Protein chains: 2
Amino acid sequence: LGLARTGLRCKCININQTFISLKYMKNIDIAPRGPHCPKVEIIVTLQKRKEVCLNPESPWVKKLVKRLLKRKDQ
Amino acid sequence: LGLARTGLRCKCININQTFISLKYMKNIDIAPRGPHCPKVEIIVTLQKRKEVCLNPESPWVKKLVKRLLKRKDQ
């Protein structure tokens, strides 16, 4: 899965670059940079608890998170 | 803690409205709306594994998430 389990270093080893639609995402986990890891990490949980890392600097990822916070209960 | 443990309904019972600085946040968890819960939920992990829910529609929360994704490795 390309994901380190310990909390003492970066979690993401492989970064998924291909677009994933929000409807497949159960959860979006954002780990701010910190002493354990010098970069922001985004870990998304998909169906069947599959986890993938996304690139926080990818335009589509930024749009996705922005859209997520935008939608009211229309 | 005002947080439901099961995955079958909304996780956030109480929403923390007061501002929390990013430096106190170990993790930001965004749960998109879904069959289990009709609203987007943001659960932040603070020091000592304390978890609080934030209001996704609060301006300061939106700014916080936006800022989180903006910062390059300056």
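As a further point, take the layout of surface pockets. The space that makes up the second largest pocket amounts to roughly 310 Å³. Of all the secondary structure elements, the ones that give two or more residues to the lining of the second largest pocket are helix H1 (59-70) of chain A together with helix H1 (59-70) of chain B. Per-element tally for the lining of the second largest pocket: the top contributor is H1(A), with 7 residues. When its residues are assigned to classes, the lining of the second largest pocket shows 5 nonpolar, no polar and 8 charged.

Before going further, it helps to examine the nonpolar core. Counting residues in each nonpolar core, the largest one holds 34 residues, and the members touching the most others are Met25(A) and Met25(B). When near neighbours in sequence (up to four residues on either side) are disregarded, Met25(A) contacts Ile20(A), Val44(A), Thr45(A), Leu46(A), Leu54(A), Trp60(A), Leu64(A) and Pro32(B).

Counted at 1.5 Å a residue, the expected span for H1(B) with its 12 residues is 16 Å, and the 16 Å between its end C-alpha atoms agrees. By the burial criterion, the buried members of H1(B) are Trp60(B), Val61(B), Leu64(B), Val65(B), Leu68(B) and Leu69(B). Buried residues belonging to H1(B) abut strand E1 (27-31), strand E2 (41-45) and H1 of chain A together with strand E1 (27-31), strand E2 (41-45) and strand E3 (51-54) of chain B.

Bringing the interface of chain B and chain A into the picture now. In this complex, chain B contributes 25 residues to the contact, which on the side of chain A involves 25 residues. Of the roughly 2,200 Å² buried between chain B and chain A, counting both surfaces, carbon and sulfur atoms make up 50%. On inspection of chain B and its partner chain A, the count reaches 0 salt bridges. Counting across the chain B and chain A interface gives 6 residue pairs in polar contact (both at pLDDT 80 or more). Among the elements of the structure, E1 and H1 of chain B are those that each provide at least two residues to the side of chain B that touches chain A. Bridge count between E1(A) and E1(B): 3 bridges; the pairing is antiparallel. Paired with Ile28(A) across the bridge in E1(B) is Ile30(B).

Right, let's talk about the packing of aromatic side chains for a bit. Residue and element names in this part refer to chain A. Evaluation of the coordinates by the stated rule reveals 2 aromatic pairs over all chains. For the pair Phe-19 and Trp-60, a centre-to-centre distance of 5.1 Å together with 65° between the ring planes defines the contact as edge-to-face. Here the residue Phe-19 occupies a position in the segment before E1, and Trp-60 occupies one in helix H1, the gap between them amounting to 41 residues. Since its relative accessible area comes to 58%, Phe-19 is described here as exposed.

The rules we used
Residues numbered from 1 in each chain as written. Chains lettered and ligands numbered in written order. Predicted model: local features only at pLDDT ≥ 70, side-chain atom pairs only at ≥ 80, totals over all residues. Heavy atoms only, no water. 1 Å grid on protein atoms, 1.4 Å probe; cavity = no way out; pocket = protein on both sides within 12 Å on 5 of 7 lines; lining within 4 Å. Points joined across faces, edges and corners; volume = space filled by probe spheres on them. Helix = DSSP H or I, 4+ residues; strand = E, 2+ residues; numbered from the N terminus. Nonpolar A, V, L, I, M, F, W, Y, C, P; charged D, E, K, R; others polar. Core = buried A, V, L, I, M, F, W, Y, C linked by side-chain atoms within 4.5 Å. Buried < 20%, exposed > 50% of the residue type's maximum accessible area, 1.4 Å probe, protein only. Contact = heavy atoms within 4.5 Å. Expected span 1.5 Å × (residues − 1). Buried area = accessible area lost by both parts, 1.4 Å probe. Salt bridge = Lys/Arg side-chain N within 4 Å of Asp/Glu carboxyl O. Polar contact = N/O pair within 3.5 Å; in protein donor to acceptor, adjacent residues only side chain to side chain. Pairing = 2+ DSSP bridges. Phe/Tyr/Trp six-rings, centres within 6.5 Å; stacked < 30°, edge-to-face > 60°.

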